[in-house]
Amino acid sequence: ELLSEASLRDMHDFRTRADAVVIGSGFVRSVRTTLETNGSGLPKIVVVSGGRFPNIDVDAFRTPPMVFAATASDLVGRRSVVLPTPDGLKVDLEGALQHLGSEGLLDVHVEGGRALISAFDRLGLVDEYRVYLAARLAGGRGRSLFDTTFATMNEARPVEVTEVSQIGDDLAIH
């Protein structure tokens, strides 16, 4: 793990306050851990597009997830919704949020992966970011938080930092 135990506990505590946690199908494949629900038993929500739903063990979820898919052939599980974009290739994320809201799931956290986070960001659907910065120095080729690129720092989008706190050896930035 890159983050300290204290940061992982903080992240888990923050997650349990959410009504729903949105994760992408690629993130499900990479996590390889039990995907926990919050204390009220609400499921994590898995957003699926293009038939990429992973072949996972249903026991990885304590509660069957709600699955949003672009086509009916992508559906898995009992709580599934077909919600394609007009081109039929991806999940309509704005429609997914509206659907969650209609079910009373208003505090929604998007945890990953980076393609899903980037899609929410591009559509202007993010109200707040919570980013953990591990106390690590690394060189070489890493992966960014987003799947977008820019040629110079002048092209990077500015953000407002409202809070920075130290958790263990790490930083939490809001």
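What counts and what doesn't
- Residues numbered from 1 in each chain as written.
- Predicted model: local features only at pLDDT ≥ 70, side-chain atom pairs only at ≥ 80, totals over all residues.
- Heavy atoms only, no water.
- Phe/Tyr/Trp six-rings, centres within 6.5 Å; stacked < 30°, edge-to-face > 60°.
- Lys NZ or Arg CZ within 6 Å of the ring centre and 35° of its normal.
- Buried < 20%, exposed > 50% of the residue type's maximum accessible area, 1.4 Å probe, protein only.
- Helix = DSSP H or I, 4+ residues; strand = E, 2+ residues; numbered from the N terminus.
- Pairing = 2+ DSSP bridges.
- Salt bridge = Lys/Arg side-chain N within 4 Å of Asp/Glu carboxyl O.
- pLDDT = per-residue confidence, 0-100.
- Core = buried A, V, L, I, M, F, W, Y, C linked by side-chain atoms within 4.5 Å.
- Contact = heavy atoms within 4.5 Å.
- Axes fitted to C-alpha atoms, helices over the stretch in contact; angles between N-to-C directions.

### So, the packing of aromatic side chains
Applying the stated criterion across every chain yields a total of 0 aromatic pairs. The positively charged end of R130 is found above the aromatic ring belonging to F14, 4.0 Å away from the centroid.

### Thoughts on the pairing of strand β8 (residues 170–173)
Here β8 shows a clear split, with D170 and A172 buried on one side and none of L171 and I173 buried on the other. Here strand β6 (residues 131–133) pairs with β8 via 3 bridges, running antiparallel. By the bridge assignment for β8, V131 is matched with I173. With 4 bridges joining them, strand β7 (residues 164–167) and β8 adopt antiparallel strand pairing. Opposite Q166, over in β8, you have L171 as the bridge partner. Connecting β7 to the antiparallel partner β8 that follows it, the hairpin turn spans 2 residues, and G168 within it adopts a positive phi of roughly 60°.

### A look at the pattern of salt bridges
Under the definition given, this model contains 3 salt bridges. The partner of E111 in a salt bridge is R15, and the shortest N-O contact between them spans 2.6 Å. Of the two residues, E111 sits in strand β5 (residues 108–112) while R15 sits in helix α1 (residues 5–16), which places them 96 residues apart along the sequence. Among the salt bridges present, the one from D121 reaches R157, with a minimum N-O distance of 2.4 Å. Of this pair, D121 sits in helix α4 (residues 114–122) while R157 sits in the loop between β6 and β7, and the two are 36 residues apart along the sequence.

### Looking at the confidence of the model for the protein chain
Any residue range with low pLDDT should be treated as having predicted coordinates unsuitable for detailed reading. Residues with a pLDDT of 70 or more make up 75% of the protein chain, whose mean pLDDT is 79. Put simply, helix α2 (residues 25–31) is where the protein chain has its lowest mean pLDDT, 68, and β7 is where it has its highest, 96.

### Remarks on the nonpolar core
V22, I45, F68, L93 and L100 are the most contacted members of the largest nonpolar core, which totals 15 residues. Elements with a minimum of two residues in this core: β1 (20–24), β3 (66–69), α3 (93–102) and α4. Residues within four places of I45 in sequence aside, it is in contact with A20, V21, V22, I23, M66, F68 and L100. By size, the runner-up hydrophobic cluster in this structure holds 5 residues, among which are L3, A134, I167 and A172.

### Observations regarding the sheet that holds β7
Strand order across the open sheet formed by 3 strands is β6-β8-β7, with antiparallel pairing between neighbours. Looking at strand neighbours, the two that pair on one side only are β6 and β7, the edges of this open sheet. Neighbouring strand axes in the sheet, compared pairwise and without regard to direction, differ in orientation by 25° on average.

### A look at unusual backbone geometry
That bond from G112 to G113 is cis: its omega, 5°, falls within 30 degrees of zero. Among the secondary structure elements, G113 is positioned in the loop between β5 and α4.

### Notes on α4
Here α4 has its buried residues at L116, I117, S118, A119 and F120. Positive backbone phi, approximately 70°, marks G124, located one or two places after α4.

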